[in-house]
Amino acid sequence: MVVDQYNLGVRIRFRLGWFLTSILGISAFYHDSAAALVVDGTVVAAAQEERFTRIKHDASFPERAIEFCLTQAGLNIEDVDYVAFYEKPFLKLERILETYLTCAPSGYASFRQAIPLWLKEKLFQSNRIKKGLGNGFNRRLIYVEHHQSHAASTFFASPYESAAILTADGVGEWATTTCGVGSGSRLTLSHELRFPNSLGLLYSAFTAYCGFRVNGGEGKLMGLAPLGTPEYVDLILQELIDIKADGSFRLNMEYFDPVSMTAFANQKFNQLFGGPPRQPEAPLETRFKNVAASIQAVTERIVLAMANALHQSSGESNLCLAGGVALNCVANGRLAQESKFENIWIQPAAGDAGGSIGAALFVWCQLLGEARTPPSYNRAAACLGPAISTEEVRDVIKHAGITAHELDCPQSMAERVAQLLEQQHVIGWVQGRMEFGPRALGNRSILADPRNAAMQARVNQKIKRREAFRPFAPVILSDHVKEFFSPDAPSPFMLLVANAVNRSGHDFPLAATTHLDGTARLQTCDPEEPIEHQFVQLPELLQQFNSLTGCPALLNTSFNVRGEPIVCDPVDAIRSFVDMKLDALVIDRFLILRTDNPALNLTEFDRYVSKESPNPPRTSFWQLFKRTVLAITFPIRCVVSEFMLGWLFFVVFNLLGMLWRSRRESYLDVESVDDSYWQSRETEPADESYFQQF
């Protein structure tokens, strides 16, 4: 392989056993930027940038996440052997430009936002990445296709020697959905669906229509669906999408705008469903509930059809899933119950953040040809972020003047917390390393009694301050799952929905964690799953609560208030504890009770832990002069740039677009082949292509 030849010295020293091979994976510049570090095939660290910057879905270069990963492994950037980026930027630019050429003269509003960004930053992405690395990495960067990164993140991290692979999201470079197989240390994606035929974009269009934020609110749409009836399914199938028996599909582009940066759907789409989109925070009319139920039903039908067709064509008994669509745990539950696959593995960080893991594992397994080391199938596989330090917690508590109880015995802590939960207290729970991915799995969680139906409304509205219909997950000891749920398959990453049952003989349901349709987003917890760096293991708390109440489950939701990322460090945790008015906070070996700190408020705590410099640097004369000149010339620059962009689009792009359309068929007009919309992929790209952005 070219990678071997390029870094021959590294490979020789690795073969001689002189040191370990380290690979840094990066995803950035769209949403949910992240970094992951793989050392000799093992993912030793991974984190999203948002957890450090506290900016939800932060898309900036993940400098802090990279710093954490390197620190976790005791490395400097100069020690890293390979840096892999999770997509090919120039292929994405090709799609964007071809879309403008195809759709011109429409699309100027999007053009005037996208093109300056590309000209200013994204055309020079290689330099931007190396600059973000502190110019300490001087080797060539490796670029892995977006859906190859997704596929690698799930198959190479799975417990299977071989498996079928299905990835689906909004769009990568051109691909929106891919399928293939993996075996050993290699994967092959054989077919794909291409932009604009995207299940992820279709679901996001309905997300926006129902008043939720795209690339963040899709989970809300899924949670809203059980409140409605799927009365629009036939309308969607007749007007919006043509689905083949193998699950491949084509969208009717009369209802969509492929060049819009704000909404994939157009006005004709809005009229189809009886009116304008819902405004954020507006009351939820029955119409929107029914729309949500309908697109959820269509999504499940497509995913199930794709999986069954892939099972037949691949002959595999195992299925690996990744991409944003794989976070739809209701569809995943249908797959677990109804598909022909015996086993299903879903990457815990299935979205774009997980692409950082995939890019790094792709280099190790696919390009270097090394053996993979799959993680154990439990929560530890997702606990890859920063750990909580006892000394750090003690220091924050001391300087903030907080009254806390420090316990030396984990069992005593578990017993005390179980008593608080039984007394209907809501508790922040912070132990060990932070989870990687969108789900809090018991390391950065809010826990409560799942038996009390009123607890659902209390946590939603008074603590997390979010929509009342949002469901919560039950985390349950794995040896008790069959008493309360069907099917009782392992679900350590909270990515499967199961039906609530009661075979236990108990007189209580898990009312606070059972959704209106009688299902729950299940998280199973293995009693034999000790995880490093944790003072109290989650199974120990569950066992203590079970001994006290006869209930082997707890309500589990992420430790964050609406609109903020999940907490990362002690300052985040204590600040959120104060802001959310939780009853108690367990952080490492410390128990903080609200009753012990009645006067503690957010302003007071922020003053104690403020990281701002008490003496900010003074602005120099030349800085002030530069800012003044920029402010004075701003109107002139706006007029000039608007004129240049308008001339470029309406003159150059219109003429090129007409010539383009006269000489080739539009990619928007995809025809079915053998009653399928799947398109074949180039299965073996040239080796040198992995050093290129296209």
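See above for the structure.
A brief report on the enclosed structure follows. All values reported here derive from a predicted model rather than from experimental measurement. Residue positions are counted from 1 within each chain, in the order its sequence is given. Whole-chain, interface and lining totals are the exception, using all residues; otherwise, since this is a predicted model, local features are given only for residues with pLDDT of at least 70 and side-chain atom pairs are given and counted only at 80 or more. Water and hydrogen atoms were dropped before computing side-chain values, which therefore reflect all heavy atoms in the structure.

Observations concerning helix α5 (residues 89-103)
The condition is simple: Put simply, DSSP H or I for four residues or longer makes a helix, DSSP E for two residues or longer makes a strand, and each gets a number counted from the N terminus. Helix span is expected to be 1.5 Å times the residue number reduced by one. For every residue, the accessible area (1.4 Å probe, protein chains only) is compared with the maximum for its type, and the residue is labelled buried under 20%, exposed over 50%, or partly exposed between those bounds.
Over its 15 residues, α5 extends 21 Å from the first C-alpha to the last, a length consistent with the 21 Å expected when each residue adds 1.5 Å. Counting buried positions along α5 yields 12 of 15 residues, so the element is predominantly enclosed. Here α5 has its buried residues at Pro89, Leu91, Lys92, Leu93, Arg95, Ile96, Glu98, Thr99, Tyr100, Leu101, Thr102 and Cys103.

Looking at unusual backbone geometry
A cis amide bond links Ala104 with the next residue in sequence, Pro105, at an omega value of 15 degrees. Here the bond from Phe195 into Pro196 is cis, since omega is 10 degrees, no more than 30 degrees from zero. Mapped onto the fold, Pro196 is located in the loop between β8 (186-194) and α9 (199-209). The phi dihedral of Phe29 falls on the positive side, at around 80 degrees, and the residue is not glycine. Counting through the fold element by element, Phe29 comes out in the loop between β1 (22-27) and β2 (34-39). Its relative accessible area of 10% is what places Phe29 among the buried residues. A positive phi angle, near 55 degrees, is found at Arg465, a position not held by glycine. Along the chain, Arg465 turns up in the loop between α18 (454-463) and β18 (473-477). We classify Arg465 as partly exposed; its relative accessible area is 36%.

What about the sheet that holds strand β6 (residues 162-168)?
To keep it simple, the criterion reads: Being paired, for any two strands, means DSSP has found at least two bridges between them.
Spatial strand order, β12-β11-β6-β7-β8-β25: six strands in an open sheet with mixed pairing. Taken across any chain shown, the strands that pair with only one partner, and hence form the sheet edges, are β12 (343-346) and β25 (679-680). Inspection of the sheet shows β6 paired to strand β7 (residues 175-183) by seven bridges, in the antiparallel sense. Bridging across to β7, Ala163 finds its partner in Gly182.

Points about the packing of helix α17 (residues 410-422) against helix α20 (residues 538-549)
Defined as follows: Fitted lines through C-alpha atoms serve as axes, helices being fitted only where they are in contact, and the angles separating the N-to-C directions of these axes extend from 0 to 180 degrees. An angle below 35 degrees is read as roughly parallel, one above 145 as roughly antiparallel, one from 65 to 115 as roughly perpendicular, and any other as oblique. It is the rotation of the near helix from the far one that decides the hand of a crossing: anticlockwise by less than a right angle makes it left-handed, clockwise makes it right-handed. In this analysis, two residues are considered to be in contact whenever any of their non-hydrogen atoms come within 4.5 Å of each other. Classification convention: Asp, Glu, Lys, Arg as charged; Ala, Val, Leu, Ile, Met, Phe, Trp, Tyr, Cys, Pro as nonpolar; all other residues, Gly among them, as polar.
Where α17 meets α20, the axes come as close as 8 Å, and the angle between the chain directions of the two elements is 50 degrees. Compared by their axis directions, α17 and α20 come out oblique. As α17 packs across α20, the resulting crossing turns out to be right-handed. Along the contact surface, α17 presents Pro410, Gln411, Ala414, Glu415, Val417, Ala418, Gln419, Leu421 and Glu422, while α20 presents Glu540, Leu541, Gln544, Phe545, Leu548 and Thr549. Looking at side-chain class alone, the contact of α17 with α20 contains eight nonpolar, four polar and three charged residues.

Some thoughts on the nonpolar core
Spelled out, the test is: Definition used in this section: a nonpolar core is a set of buried Ala, Val, Leu, Ile, Met, Phe, Trp, Tyr and Cys residues joined via side-chain atoms within 4.5 Å.
With 132 residues, the main nonpolar core has Leu24, Ile26, Leu133, Phe206, Phe256, Phe273 and Leu319 as its most contacted residues. At 11 residues, helix α13 (residues 286-314) tops the list of elements feeding residues into this core. Contact partners of Leu319, with chain neighbours within four places excluded, come to Tyr160, Ala163, Ala164, Ile165, Leu166, Ala307, Leu310, Leu335, Phe341, Asn343, Ile344 and Trp345. If you look at the next biggest cluster of nonpolar residues, it comprises 35 residues, including Met413, Ala418, Leu421 and Ala520.

Concerning the pairing of β8
Pairing of β7 with β8, which is carried by eight bridges, proceeds in the antiparallel orientation. Paired with Thr178 across the bridge in β8 is Glu192. Note that β8 and β25 share two bridges and pair antiparallel. The residue of β25 that forms the bridge with His191 is Ser680.

Some points on the side chain of Ser158
Among the secondary structure elements, Ser158 is positioned in the loop between α8 (146-155) and β6. Beyond its immediate stretch of four places on either side in the chain, Ser158 contacts Cys320, Trp345, Arg372 and Pro374.

A word on the packing of aromatic side chains
Where two aromatic rings form a pair, the distance of their centres and the angle of their planes describe that pair. Using the following cut-off: For Phe, Tyr and Trp, rings pair up if their centres lie within 6.5 Å, where Trp contributes its six-membered ring, and each pair is then called stacked (planes under 30 degrees apart), edge-to-face (over 60) or tilted (otherwise). Geometrically, a charge over a ring is one whose NZ (Lys) or CZ (Arg) sits within 6 Å of the ring centre while staying within 35 degrees of the ring normal.
The tally for this structure, following the rule as stated, stands at 21 aromatic pairs. Ring geometry for Phe52 against Phe68: centres 6.2 Å apart, planes inclined by 35 degrees, an arrangement best described as tilted. With Phe52 in helix α3 (residues 50-53) and Phe68 in helix α4 (residues 63-73), this residue pair connects regions lying 16 residues apart in the sequence. Between Phe85 and Tyr143, the aromatic rings sit 6.2 Å apart at their centres with planes inclined by 70 degrees, giving edge-to-face as the arrangement. Here Tyr143 lies in strand β5 (residues 142-143) and Phe85 lies in strand β4 (residues 82-85), a separation of 58 residues in the sequence. Comparing Phe85 with Tyr143 shows no difference in burial state: the two are buried. Above the plane of the ring of Tyr30 lies Lys92, whose end atom (NZ or CZ) is 5.2 Å from the centre.

Structural notes on the environment of Leu199
With respect to the helices and strands, Leu199 occurs in helix α9. For Leu199, a relative accessible area of 3% puts it in the buried group. Once residues lying within four places of it in the same chain are set aside, the contact partners of Leu199 are Asp169, Phe249, Thr299, Ile302, Val303 and Val325.

Focus on the pattern of salt bridges
Worth spelling out the cut-off: We define a salt bridge as a contact between a side-chain nitrogen of Lys or Arg and a carboxyl oxygen of Asp or Glu at a distance within 4 Å.
Counted by the stated rule, this structure contains 23 salt bridges. A salt bridge links Glu467 to Arg470; its shortest N-O distance comes to 3.0 Å. You'll find Glu467 and Arg470 in the same group, each marked buried. Where salt bridges share partners, they join Lys220, Glu281, Glu467, Arg470 and Arg562 into one cluster.

Topic: the sheet that holds β2
Strands sit in the order β3-β2-β1-β4-β5 across an open sheet of five strands; the sheet is mixed. Each end of this open sheet is capped by a strand with a single partner; those strands are β3 (42-48) and β5. In terms of strand pairing, β1 meets β4 through four bridges, oriented parallel. Paired with Leu24 across the two strands is Val83, which belongs to β4.

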